[in-house]
Amino acid sequence: QVQLVESGGGLVQAGGSLRLSCAASGRTFSRYTMGWFRQAPGKEREFVAAISWSGDSTRYADSVKGRFTISRDNAKITVYLQMNSLKPEDTAVYYCAASRVVSNPSIYLRAYDFWGQGTQVTVSS
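On a predicted model such as this, the values are computed, not experimentally measured, just so you know.

Trainee: Would you mind going over the nonpolar core with me for this structure?
Mentor: A general feature of soluble globular proteins is that nonpolar side chains tend to end up buried together. Core analysis: the largest hydrophobic core is formed by 36 residues, its most contacted members being Leu 4, Met 34, Trp 36, Leu 81, Met 83 and Tyr 94. Every element with two or more residues in this core is listed here: strand S3 (18–24), strand S4 (33–39), strand S5 (46–51), strand S7 (68–73), strand S8 (78–83), strand S9 (92–99) and strand S11 (119–124). Beyond its immediate stretch of four places on either side in the chain, Tyr 94 contacts Glu 6, Leu 20, Trp 36, Phe 37, Arg 38, Val 48, Phe 68, Leu 81, Met 83, Gly 118, Thr 119 and Val 121.

This is the structure in structure tokens:
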């Protein structure tokens, strides 16, 4: 069982940066593929970024490629999402997720077993 707690969200102007953190509990964190998803009002939850358990493999949604970076620190059992050059369309609740099933970063919600409660990111124009 893994519990995930996101932090680092907030209000930022367009062009600014934020770093989200996802702190995990559980001794097997290093075996989990981790992902970030987001959900804007009235829209479905969508994939943002994912990272393999080793950190060697990452995957990004086209909409954030080149602006966002996912990373993890297994010693601190934390995964991060560095978000630069933020746009108003990045406004959403951001969720951290963990997968026991897949070893490679997955874009699919159904691949993830555990979810955090989310953190709000608001980008003003």
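Back to the text.
Trainee: Would you take a moment to explain the pairing of S7 for this structure?
Mentor: Remark: a regular strand shows side chains that alternate across the two faces of the sheet. Judged by which residues are buried, S7 turns out to be one-sided: Phe 68, Ile 70 and Arg 72 face inward and are buried, whereas Thr 69, Ser 71 and Asp 73, on the alternate face, are not. Relative to S8, S7 is paired through six bridges, and the arrangement is antiparallel. Looking across to S8, one finds that Asp 73 is bridged to Thr 78. If you look at the hairpin formed by S7 and S8, you'll find four residues sitting between the two strands, and Ile 77 has a positive phi there, around 45°.

Trainee: Looking at this structure, how should I read the pattern of salt bridges?
Mentor: Proximity of charged atoms lets side chains of opposite charge pair with each other. Throughout the structure, instances matching the rule amount to five salt bridges. If you follow the salt bridges from partner to partner, you end up with Arg 38, Glu 46, Arg 67 and Asp 90 in one network.

Trainee: I tried to follow the state of the cysteines on my own but got confused; where do I start?
Mentor: Throughout this description, disulfide means a covalent bond between two cysteine sulfur atoms. Tallying each qualifying case throughout the model produces one disulfide. A disulfide bridge connects Cys 22 with Cys 96, and the sulfur atoms are separated by 2.1 Å. With the S-S bond torsion at -80°, the cross-link from Cys 22 to Cys 96 turns out left-handed. Placement of the pair is Cys 22 in strand S3 and Cys 96 in strand S9, with a sequence separation of 74 residues. With respect to burial, Cys 22 and Cys 96 carry one shared label: buried.

Rules used throughout
- Residues numbered from 1 in each chain as written.
- Predicted model: local features only at pLDDT ≥ 70, side-chain atom pairs only at ≥ 80, totals over all residues.
- Heavy atoms only, no water.
- Core = buried A, V, L, I, M, F, W, Y, C linked by side-chain atoms within 4.5 Å.
- Buried < 20%, exposed > 50% of the residue type's maximum accessible area, 1.4 Å probe, protein only.
- Helix = DSSP H or I, 4+ residues; strand = E, 2+ residues; numbered from the N terminus.
- Contact = heavy atoms within 4.5 Å.
- Pairing = 2+ DSSP bridges.
- Salt bridge = Lys/Arg side-chain N within 4 Å of Asp/Glu carboxyl O.
- Disulfide = S-S within 2.5 Å.

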